[in-house]
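# Examination of the molecular architecture
Residues per chain are reported as follows:
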Amino acid sequence: RARELGVSFRGAGTSAHLEDLVVSETLGFASDGTLGLGVVVSGGAGLELARAVLERNHLAGLNAGEADTTVVATDLVVRDTEAQPDGSAGQALFIGGGASLEVRRAVLERDRGAEAAAYGAGSTLRLEDCVLRDTRPRASDGGMGAGAAATEGGVVNLRRVAIVRVAAAGIVVD
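Reading the values: rules and limits
Residues numbered from 1 in each chain as written. Predicted model: local features only at pLDDT ≥ 70, side-chain atom pairs only at ≥ 80, totals over all residues. Heavy atoms only, no water. Pairing = 2+ DSSP bridges. Helix = DSSP H or I, 4+ residues; strand = E, 2+ residues; numbered from the N terminus. Axes fitted to C-alpha atoms, helices over the stretch in contact; angles between N-to-C directions. Buried < 20%, exposed > 50% of the residue type's maximum accessible area, 1.4 Å probe, protein only. Core = buried A, V, L, I, M, F, W, Y, C linked by side-chain atoms within 4.5 Å. Contact = heavy atoms within 4.5 Å. Patch = residues over 30% accessible without salt bridge, like charges linked within 9 Å, V, L, I, M, F, W, Y side chains within 5 Å. Areas by Shrake-Rupley, 256 points an atom, 1.4 Å probe, with all protein chains shown as cover. Salt bridge = Lys/Arg side-chain N within 4 Å of Asp/Glu carboxyl O. Polar contact = N/O pair within 3.5 Å; in protein donor to acceptor, adjacent residues only side chain to side chain.

## Some details on the sheet that holds strand β5 (residues 60-65)
A sheet is described by the order of its strands in space; here seven strands give the open sequence β1-β3-β5-β7-β9-β11-β13, paired in parallel fashion. A strand with exactly one partner marks an edge of an open sheet, and here the two such strands are β1 (5-10) and β13 (171-173). Averaged over all neighbouring strand pairs, the angle between strand axes comes to 10°, with direction disregarded. As paired strands, β5 and strand β7 (residues 91-96) are joined by five bridges and run parallel to one another. Each residue of the ladder has a partner; that of N63, found in β7, is F94.

Below is the structure:
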């Protein structure tokens, strides 16, 4: 159990390859409870992730942000991600700021707001052979609860993806 960030990679030229990883129950800051992310990749870093379980983290199970940041994940399970103290977030996968995430063979379940979300121009999320299920609504206002979401110019590509028992829409494009 970690505090604030479970695993973090940042900066251009930084790269990692992780296999057989479990990141569970990452806690937020002691002062206010914010953060608590499972895996964070940002600032142009790259990550290859194989056979990983990210569970009971906060804010996001896997977060990728900023241009030139790339993540490729295979055989991934992300579940039971919780919201921030203000009730916001709780997504399994959250991509923003022009980052790219490609996921093959995954189960994303019981997360909040959306199982997988791409936010902002240049942000791309690709899911192949995945199951997105039992999405819970946002804790803050009871809204959303989508399988996948693309907002503010983000792009989501889905191939052979099952979206099952979500609280609201299967796919949201806004």
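Okay, back to it.
## Notes on the pairing of strand β4 (residues 46-55)
Counting buried positions along β4 gives seven out of ten residues, so the element sits mostly inside the fold. Alignment of strand β2 (residues 15-24) against β4, held across nine bridges, turns out to be parallel. Pairing of L21 across the sheet is with A52, part of β4. Of the strand pairs in this sheet, β4 and strand β6 (residues 70-79) are connected by nine bridges, and their pairing is parallel. Following the sheet pairing, L49 is matched in β6 by A73.

## Things to note about the sheet that holds β2
Strand order in the open sheet formed by six strands is β2-β4-β6-β8-β10-β12, with parallel pairing between adjacent strands. On the outer flanks of this sheet lie β2 and β12 (155-164), each paired with one strand and no other. For this sheet, the mean angle separating the axes of adjacent strands, direction not counted, is 5°.

## A word on the nonpolar core
Counting residues in each nonpolar core, the largest one holds 33 residues, and the members touching the most others are V39, L76, L93 and V103. Beyond its immediate chain neighbours, meaning those up to four positions away, V39 contacts V7, L21, V23, L47, L54, G61, L62 and N63. Among the nonpolar cores identified, the runner-up in size contains five residues, and A114, A117, A146 and A149 belong to it.

## Focus on a nonpolar patch on the surface
A cluster of nonpolar side chains, L158, I171 and V173, forms an exposed patch at the surface whose accessible area comes to about 280 Å². Residue placement: V173 occurs in strand β13.

## A short note on the side chain of S123
Note that S123 resides in the loop between β9 (114-119) and β10 (124-133). Classification of S123 as buried rests on a relative accessible area of 0%. Side-chain polar atoms of S123 contact the backbone nitrogen of G98, separated by 2.9 Å. The residues touching S123, leaving out its near neighbours within four places in the chain, are I95, G96, G97, G98, A99, A118, G154 and V155.

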